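# Structural characterization, general
The chain contents come next:
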Amino acid sequence: MAGVVVSGRFPRRRVPRAMVKNVARVLLRGAFRNWLRNLATTAPALGSMTLLLLLSGLVGVLGFALWSVAQTETRDAAVLHVYLRDDASAAQVDQLRTKLQADRDISSVHFVSKDQALALARKRPGLPDLARASGGNPFPASFDVQVKRLADVGKVDSAVRRAAAVDPVYPTSYDPGAYQRLTTMLLWVAIVGSAFMLLLGFVAVTVTANSIRAAIHSRRDEVTIMQLVGAPRWMVRGPFVIEGAITGGTAGLVAGLVTLVVTLTVVSAGGSSFLQLAPGLSIAAAALACGAVFLAGLVIGSGSSVLGVHRHLES
Amino acid sequence: MTPSLESKGLQPLVEFAGVSRRYGEITALEQVSFTLTRGEFAFLVGPSGAGKTTLLKLINREIRPSDGEVWVDAIAAHDLPATKVPELRRHVGVVFQDYKLLPRLTVLENVAFALQVTDLMITDQEAHDRALDALEAVGLGERSGAFPAELSGGQQQRVAIARAVVTQPPLLIADEPTGNLDMETAWQIMDLLDDIASFGTAILLATHNVDIVTKMQRRILTLVDGHLVRDQPAGRTGKMAWLAWS
């Protein structure tokens with residue numbers, strides 16, 4: 001018998017480089033190696049997460065577009081367009097302008113001629129066709145009236161709609177129920193969207209936690225030995241958390257890129273009616289959505305791994 | 001039941017003070033008290049279900065006692081938070097009946113693994129050298145590149161012992177380490193453990209092997225139905241051994 005090491009003959013060299021190397025080996029290399037080894041068992045979780053994150057990304061983009069619409073509508077709701085008769089005289093128009101400018105509820109009045117109205121219409125999807133079909137300029141001149149308070153728009157409308165210069169058929173843009181309907185719709189969209197996102201998040205967390213449970217089970221012996229020889233808790237749990245982050249990050253990256261491509265496709269179709277409904281969409285918004293989906297994947301993956309490890313790895 | 005170690009100037013390495021452990025309605029250990037000193041080799045015997053494994057698990061803080069105190073190398077295992085458990089386990093080497101070697105790692109890597117996961121400052125070269133040193137100590141230096149499946153049961157148990165002592169813990173606990181081995185191999189393992197104890201590592205070994213327990217003439221702790229019924233000092237075996245029972 002050669003004897004057993006009682007006091008080590010090797011001096012301890014506390015080399016930071018060795019520590020970095022060991023941490024990298026245990027946490028990163030170990031996690032990547034095991035992730036690749038367990039890919040077959042992780043694949044369903046990876047697929048589910050990718051799909052869920054993609055849905056979340058698209059719902060998020062849609063939500064952002066609706067939010068942009070709401071912002072625009074809120075801003076526009078305090079602007080009253082007062083449409084003028086084509087045969088209104090200059091005196092009648094001046095009289096109306098004077099009346100509007102004298103109103104204390106109004107902050108500004110801007111005249112839009114028929115030519116300017118036509119030019120604006122040409123920038124809107126579908127309206128150039130209407131302009132061409134009519135053979136002339138069907139758009140009336142108008143006053144764009146900025147009302148100080150949203151609540152006073154109805155009062156200003158009542159005051160001007162019977163003026164001599166105002167078109168009797170379609171006097172103003174005032175629609176008392178439009179803003180309320182939009183707000184109600186957005187509220188419901190927010191509620192349904194949030195519930196949907198919560199459901200997706202719950203499913204993603206459950207799926208990932210289950211895949212981590214499978215990973216822990218497959219490495220039960222290694223984990224047991226690590227625990228019994230006194231490996232620090234972070235060293236035992238860390239690789240599983242990183243495995244979860246890799247799963248979530250991969251799913252997030254794929255879903256984020258698909259979200260980016262879909263959003264950019266919509267943005268590139270600049271004249272489409274969809275973009276008109278979703279004016280907030282841009283390349284920056286698409287990149288932001290991609291980044292958010294990737295980040296969500298990382299957070300959900302590592303977070304659900306922490307939960308799974310906490311639940312299935314006992315000291 | 002146990003002599004006062006403090007009065008002899010000895011610091012106990014392991015101390016059980018009125019320890020009970022219950023699993024629901026079942027009592028696995030009841031008011032067990034004993035101490036183990038540094039370098040002491042003791043057997044833990046008793047019929048199946050007597051509480052031997054429970055006692056070993058209490059030392060390694062795999063479980064907590066329902067009552068009483070468990071001290072291991074001045075660490076209060078009975079009151080240890082989960083975050084501090086790894087610290088305790090670095091003081092305790094563990095050997096199992098089924099070896100628990102990692103099949104994908106070589107023998108050397110299995111031993112080095114214990115060093116690398118407990119000491120982040122250790123270099124690859126140092127881990128390699130120390131693991132090889134431990135393997136040579138158990139007579140397996142020549143097989144360091146082999147995988148566990150390529151070794152016999154006795155050789156695998158030697159690797160497990162090398163892994164348990166490579167971090168130089170003051171205490172080694174072994175749960176039926178010869179349970180899967182033939183008598184000749186079992187004696188080789190016992191010689192190895194005896195050698196380890198002679199270098200100052202305390203050993204507490206749970207076993208059913210009466211032949212080994214009788215011939216080794218070491219201290220014997222006997223558990224029956226969770227009660228420590230005998231604490232027989234070392235060297236007191238034979239027909240008149242009962243005279244030494246405390």
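Numbering of residues starts from 1 in every chain and runs along the sequence as written. Chains and ligands are labelled by the order in which they are written, letters from A for the one and numbers from 1 for the other. Thresholds applied to this predicted model are a pLDDT of at least 70 for local features of residues and 80 or more for the giving and counting of side-chain atom pairs; totals over whole chains, interfaces and linings are not thresholded and use all residues.

## What to know about the overall build of chain B
Counted only if it meets this: Starting at the N terminus, helices and strands are each numbered in turn, a helix being any DSSP run of H or I of at least four residues and a strand any DSSP run of E of at least two. Exposure is read from a count of other C-beta atoms within 10 Å of each residue's own; the residue is exposed at 12 or fewer, buried at 20 or more and partly exposed in between. C-beta atoms are placed from the backbone.
In terms of helices and strands, chain B carries seven helices and ten strands. By residue count, 47% of the 246 residues in chain B fall in the buried class.

## Focus: the overall build of chain A
Note the cut-off: Note on contacts: residues are paired as contacts if their backbone-placed C-beta atoms lie within 7 Å.
Across its full length, chain A holds eleven helices and three strands. In chain A, the succession of helices and strands from N to C terminus is α-α-β-α-β-α-α-β-α-α-α-α-α-α. Across the 315 residues that make up chain A, the buried fraction comes to 31%. Looking at chain A alone, contacts between residues at least 24 apart form 84% of all its contacts between residues at least 6 apart.

## What about the interface of chain B and chain A?
Which entries qualify depends on this criterion: Residue polarity is assigned by list, with Asp, Glu, Lys and Arg as charged and Ala, Val, Leu, Ile, Met, Phe, Trp, Tyr, Cys and Pro as nonpolar; anything else, Gly included, falls into the polar class.
In this assembly, 36 residues from chain B lie in contact with 30 residues from chain A. Breaking the side of chain B that touches chain A down by element, the ones donating at least two residues are α2 (85-89), α3 (107-116), α4 (124-137) and α6 (183-198) of chain B. Among the elements that line the side of chain B that touches chain A, the one with the most residues is α4 of chain B, at seven residues. Among the residues forming the side of chain B that touches chain A, the class breakdown is 17 nonpolar, nine polar and ten charged.

## Considering the pairing of strand β2 (residues 26-37) of chain B
All names here are of chain B. Rule in force here: Whether two strands pair comes down to DSSP finding at least two bridges between them.
In terms of strand pairing, strand β1 (residues 12-23) meets β2 through eight bridges, oriented antiparallel. Bridge pairing links Tyr-23 to Ile-26 in β2. Counting the residues in the hairpin turn of β1 and β2 gives two residues, including Gly-24, whose phi is positive at 65 degrees.

## Considerations on the sheet that holds β2 of chain B
Residues and elements named next belong to chain B. As summarised here, the arrangement of the four strands in space is β2-β1-β4-β5, forming an open sheet in which the pairing is antiparallel. Looking at the sheet topology across the chains shown, the edges are occupied by β2 and β5 (75-76). Sheet topology places β1 next to strand β4 (residues 67-72); five bridges connect them, and they run antiparallel. By the bridge assignment, Glu-15 is partnered in β4 with Trp-71.

## Overview of unusual backbone geometry
Residue and element names in this part refer to chain B. Residues other than glycine seldom take positive phi values, yet Ala-74 does so here, at roughly 70 degrees. Mapped onto the elements, Ala-74 comes out in the loop between β4 and β5. The class of Ala-74 is exposed, set by 10 C-beta atoms lying within 10 Å. Non-glycine residue Lys-100 carries a positive phi angle of around 55 degrees. Relative to the assigned elements, Lys-100 resides in the loop between β6 (92-95) and α3.

## Remarks on the environment of Ala-141 of chain A
Residue and element names in this part refer to chain A. As for its placement among the helices and strands, Ala-141 is situated in the loop between α5 (127-134) and β3 (142-147). The class for Ala-141 is buried, based on 21 C-beta atoms found within 10 Å. For Ala-141 and Arg-85, which are 56 residues apart along the polypeptide, the C-alpha to C-alpha distance reads 7.7 Å. Residues in contact with Ala-141, not counting those within four places in the same chain, are Leu-84, Val-112, Ser-113, Lys-114 and Ala-117.

## Points about the packing of α3 of chain B against α4 of chain B
All names here are of chain B. Quick note on the threshold: Angular values range over 0 to 180 degrees, each being the angle between N-to-C directions of two axes fitted as lines to C-alpha atoms, with helices fitted over their stretch in contact. For classification purposes, an angle smaller than 35 degrees is called roughly parallel, one larger than 145 roughly antiparallel, one from 65 to 115 roughly perpendicular, and anything else oblique. Here is the rule for handedness: rotate from the far helix to the near one, and if that takes an anticlockwise turn smaller than a right angle the crossing is left-handed, while a clockwise turn gives right-handed.
Running from N to C, α3 and α4 cross one another at 120 degrees; their axes reach a closest spacing of 8 Å. As the angle between them shows, α3 and α4 are arranged oblique. Like other packed secondary-structure pairs, α3 and α4 cross with a definite hand, here right-handed. Where α3 abuts α4, its residues Val-107, Leu-108, Val-111, Ala-112, Leu-115 and Gln-116 lie against Ala-127, His-128, Arg-130, Ala-131, Leu-132, Ala-134 and Leu-135. Residues of the contact of α3 with α4, tallied by class, amount to ten nonpolar, two polar and one charged.

## Some words on the nonpolar core
Formally: One nonpolar core equals one set of buried Ala, Val, Leu, Ile, Met, Phe, Trp, Tyr and Cys residues connected by C-beta atoms within 7 Å.
Judged by nonpolar contacts, the single largest core of 118 residues is most densely connected at Leu-44, Ile-59, Val-111 and Ala-162 of chain B. The greatest single-element share of this core, amounting to eleven residues, is contributed by helix α9 (residues 233-268) of chain A. The residues touching Ala-162 of chain B, leaving out its near neighbours within four places in the chain, are Val-111, Ala-134, Leu-135, Ala-137 and Val-138 of chain B. With 16 residues, the next largest nonpolar core counts Leu-80, Ala-141, Val-147 and Ala-165 of chain A among its residues.

## A look at the packing of helix α1 (residues 16-37) of chain A against α9 of chain A
Residues and elements named next belong to chain A. As a packed pair, α1 and α9 sit with axes 8 Å apart at the nearest point and diverge in direction by 55 degrees. Judged by the inter-axis angle, α1 sits oblique to α9. As for how α1 packs across α9, the hand of that crossing is right-handed. Side by side, α1 and α9 meet where Val-26, Leu-27, Leu-28, Gly-30, Ala-31, Phe-32, Asn-34 and Trp-35 of the first sit next to Met-235, Gly-238, Pro-239, Ile-242, Glu-243 and Ile-246 of the second. When its residues are assigned to classes, the contact of α1 with α9 shows ten nonpolar, three polar and one charged.

## Brief notes about the sheet that holds strand β10 (residues 227-232) of chain B
All names here are of chain B. A sheet is described by the order of its strands in space; here six strands give the open sequence β6-β7-β8-β3-β9-β10, paired in mixed fashion. Sheet topology places β6 and β10 at the edges, where each strand pairs with a single neighbour. In this sheet, neighbouring strand axes are inclined to one another by 20 degrees on average, regardless of whether the strands run parallel or antiparallel. Of the pairings in the sheet, the one linking strand β3 (residues 41-45) to strand β8 (residues 202-206) comprises four bridges and is parallel in character. Note that in β8 the partner of Leu-44 across the bridge is Ala-206. In this fold helix α5 (residues 153-165) packs onto β6 and β7 (171-175), with an angle of close to 170 degrees to the strand it touches most, β6. Taken strand by strand, α6 contacts β3, β7 and β8, and its axis lies near 150 degrees from that of β8.

## Some remarks on the confidence of the model for chain B
Residues and elements named next belong to chain B. Spelled out, the test is: The predictor reports its confidence for every residue as pLDDT, a score running from 0 up to 100.
For chain B, the mean per-residue pLDDT works out to 88, and 91% of the residues sit at or above 70. Per-residue pLDDT, averaged within each element of chain B, yields its smallest value for helix α7 (residues 210-216) (88) and its largest for β4 (96). Scoring of the predicted complex yields 0.68 for pTM and 0.79 for ipTM.

## Regarding the environment of Asn-137 of chain A
Relative to the helices and strands, Asn-137 of chain A resides in the loop between α5 and β3. With 20 residues separating them in the primary sequence, Asn-137 of chain A and Ala-117 of chain A have C-alpha atoms 8.9 Å apart.

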